[in-house]
Amino acid sequence: MKSIKSNKSVVVVGAGPAGYTAAFRCADLGIKTILIERYSNLGGVCLNVGCIPSKSLLYVSKTISQSKALSEYGITFSLPIINIKKLVNWKNQNIKKLNFALSHMAKKRGVKVITGIAKFVSNNELIVHSEKEDHKINFNNVIIATGSQSVKLPFIPYENKRIWTSTEALSIPFLPKNLLIIGGGIIGLEMATIYYSLGSKIDITDNHNQILSTVDTDVIKIFLKSIKNKFNIMLETNILDIKEVENGISVTIDQKGIGKKTTIYDAVLVAVGRLPATDVLEIEKVGIEIDNKGYIKVDNQLKTNIEGIYAVGDVTGQPMLAHKGIHQAKIAAEVIAEKKHFFDPQVIPNVAYTEPEIAWTGITEKNAKQLNINYKVALFPWSASGRAIASDCASSGLTKLIFNKDTKRLIGGVIIGRNAGELLSEISLAIEMGCDAQDLSLTIHAHPTLSETIPLAAEVYEGTITDLMN
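Everything quoted here is computed from the prediction, not taken from an experiment.

(A) How the structure looks around the overall build of the protein chain. Tallying secondary structure elements over the protein chain gives 13 helices and 24 strands in all. Taking 2.2 N^0.38 as the reference for a compact globule, 470 residues should give roughly 23 Å; the C-alpha atoms of the protein chain span a radius of gyration of 24 Å, in line with that estimate. The principal-axis extent of the C-alpha atoms belonging to the protein chain is close to 70 × 65 × 40 Å. Across the 470 residues in the protein chain, those meeting the buried criterion constitute 51%. When contacts within the protein chain are restricted to residue pairs at least 6 apart in sequence, those whose partners lie at least 24 apart make up 62%. Here the protein chain has roughly 22900 Å² of accessible surface; of this, 51% comes from carbon and sulfur atoms. Within the protein chain, one finds 52 positive and 45 negative side-chain charges whose respective centroids are separated by 5 Å.

Below, the structure is given as C-alpha cells:
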C-alpha cells in the first residue's frame, strides 16, 4: 500500500463540479492538493451523465421543435431523419472535450488525481481502493464532494434494460414508441422534452398535485397549456405494479379521481429524485454529523463538526445544483487557506430547461404567503413584448417579479419562456444587490429584447407602465 503524506495538504473526494472546483481553487491558493475520483473521467454526474449531455440533447430537441413551428408561417422543412448513433456520438464528443479540459487543468495546476474509491480510516487518514494499488493518504484537510445518486424505488426491477434512470436515458439505448416517466420534476420534464422531439409518446406520472411543486401555480398553468399536446401528465398518481412482459414493461397506476389502469410501455424512466452519495465513504467511522435525510451538516464556511473535514455540493442538502456546489467549493478552499470567507447567498437560481424553460430565484409567491411577507406581484406577459412576438415565443412567456411592499425591494422572480434560464441571472443579481423596483425600471435595456420584460415588470409594480394599460 502506497502512503502519501503532506505537511500542508487538502484531499478532495469527488471530481464533479464542486470537487474539481475545490481542488483547482486550493491549488491556485498554493495548497498541495489531491483529487480522488472513483471513475476514470473527471466531471462527475453533471458533466458525464447529467447537465452537459442533457443540454446537448435539449439543444437538438429545441431545434427540431422550433423548425416544426415555422411551418405555420410558410417555411416547411423535411421531416427530420434521426441517426441515433451519430447523435449520441456528438453528445459524447462534447463530454470528452470537457473531460480533456479538466484533466489538462488538473495537470497544469499540479493537482494529483487518484482514481479509486475513498474510505475514511480516521479524521486525518483515508484509504483509496483502486484497481492497481491501494493508497493510504494522511491529510490536514479533506473536502467531501461525492455528489448524489438517483433514488431507487424498491419495487422496480432495475435489472431490466427497459427500466432507466437518467443515466441510461441520456445514452439513448433505443427510441421507445411510448415512454413512461415516473416523476414530474426537472429531470423528468427535461427527459420528456428530449424524447418527445425524437418521436416518443410520453406519459408522466407524479404523486403530487402539481409538477415542479415549488413553482407558483400561475406559471405552471402556462407551462401545462404549452405542452398539453405533447405530454400526458397524470398527477396524484401512484404506481401499483410494474413488471416485465414479453413486449415491454407492464405498469399499473392508480390516479386520483380516475382509478386504476394498466399500460404496456416500451421503456420506463424513473426520475423521482436524488440522494447524497456518502454510502461508500464510511463517514460513521469519523463521527461526521448528518441530518435525518442523510445530508452532511455544515456551517456557513462548509465545515463539518469534525475539525479539518469540509463538505460541499449535493452531499450538503437541497438545492442539489451544480452551481451551488461550485460556489461552496470556492468558499471551502478559501477558508482552508485561512481567508475569512462565508457561503451566504441571498438566492440560488433554479432552471428547468424544458420547452418553454422555467426559471425561478429567491422568494416565490408560495414562499411569500408561507412566510407572511407583505408582498406584491408584478406580471409582464410576453404577449406585449415585441421581441417575443417577433421570435414566436409570446404565447408561453411571462416575467413575474415579487416585491416586498414595505421596502419596495425585489425579493424573487419567475420567468417562463425561451431562454428563461439566461434571463434569470439579472433578477438574481438585482436581489443580491438589494435593488428596488425603481432600480430596475430606470435601468435602460436594449429594445427589442426579452430582457426588457424585467424592467417592464418593475414598471407594472410602480404603476408607470406604458406598454400595457396602466
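From this point on, the discussion continues.
(B) Here's a closer look at the state of the cysteines. A full pass over the atoms with the stated rule returns 1 disulfide. Here Cys46 connects covalently by a disulfide to Cys51, the sulfurs 2.4 Å from one another. On the S-S bond that ties Cys46 to Cys51, the torsion sits near -120°, and the link is left-handed. Judged by relative accessible area, Cys51 falls into the partly exposed class, the value being 29%.

(C) Geometry of the pattern of salt bridges. Per the counting criterion, the structure on display carries 11 salt bridges. A salt bridge links Arg109 to Asp28; the nearest nitrogen and oxygen atoms lie 2.8 Å apart. Of this pair, Arg109 sits in helix 4 (residues 84-109) while Asp28 sits in helix 1 (residues 17-28), placing them 81 residues apart in sequence. Judged by its relative accessible area of 32%, Arg109 falls in the partly exposed class. Using a relative accessible area of 45% as the deciding quantity, one classes Asp28 as partly exposed. The closest approach of N and O atoms between Lys119 and Glu282, which form a salt bridge, is 3.8 Å. A residue pair is termed long-range when its members are at least 10 positions apart, and Lys119 in strand 5 (residues 117-122) and Glu282 in the loop between strand 18 (274-276) and strand 19 (309-311) qualify at 163 residues. Lys119 gets classed as partly exposed once you look at its relative accessible area, which sits at 22%. Via salt bridges that share partners, Asp216, Asp218, Glu365 and Lys400 belong to a single interconnected network.

(D) Local environment of the sheet that holds strand 22 (residues 375-381). Strand order across the open sheet formed by 5 strands is 20-21-24-23-22, with antiparallel pairing between neighbours. In this open sheet, the two strands that pair with only one neighbour each are strand 20 (350-352) and strand 22. Taking the axes of each pair of neighbouring strands and ignoring which way they run, one obtains an average angle of 10° across the sheet. For strand 22 and strand 23 (residues 398-404), the ladder comprises 7 bridges, and the chain directions are antiparallel. Pairing of Lys376 across the sheet is with Phe403, part of strand 23.

(E) Here's a closer look at a nonpolar patch on the surface. Taken together, the side chains of Leu70, Tyr73, Ile75 and Phe77 define a hydrophobic patch exposed on the protein surface, amounting to about 390 Å² of accessible area. With respect to the secondary-structure elements, Tyr73 resides in the loop between helix 3 (51-69) and helix 4.

(F) Just the sheet that holds strand 14 (residues 237-245), in detail. Strand order in the open sheet formed by 3 strands is 14-15-16, with antiparallel pairing between adjacent strands. With one partner strand each, in any of the chains shown, strand 14 and strand 16 (259-265) form the two edges of the open sheet. Neighbour to neighbour, the strand axes of the sheet diverge by 20° on average, direction disregarded. Two strands pair when backbone bridges link them, and strand 14 and strand 15 (residues 248-255) are joined in this way by 8 bridges, in the antiparallel orientation. Following the sheet pairing, Ile239 is matched in strand 15 by Ile253.

The rules behind the values
Residues numbered from 1 in each chain as written. Predicted model: local features only at pLDDT ≥ 70, side-chain atom pairs only at ≥ 80, totals over all residues. Heavy atoms only, no water. Helix = DSSP H or I, 4+ residues; strand = E, 2+ residues; numbered from the N terminus. Rg over C-alpha atoms; globule rule 2.2 N^0.38 Å. Buried < 20%, exposed > 50% of the residue type's maximum accessible area, 1.4 Å probe, protein only. Contact = heavy atoms within 4.5 Å. Areas by Shrake-Rupley, 256 points an atom, 1.4 Å probe, with all protein chains shown as cover. Lys, Arg positive; Asp, Glu negative; His and termini not counted. Charge placed at Lys NZ, Arg CZ, Asp CG, Glu CD. Disulfide = S-S within 2.5 Å. Salt bridge = Lys/Arg side-chain N within 4 Å of Asp/Glu carboxyl O. Pairing = 2+ DSSP bridges. Axes fitted to C-alpha atoms, helices over the stretch in contact; angles between N-to-C directions. Patch = residues over 30% accessible without salt bridge, like charges linked within 9 Å, V, L, I, M, F, W, Y side chains within 5 Å.

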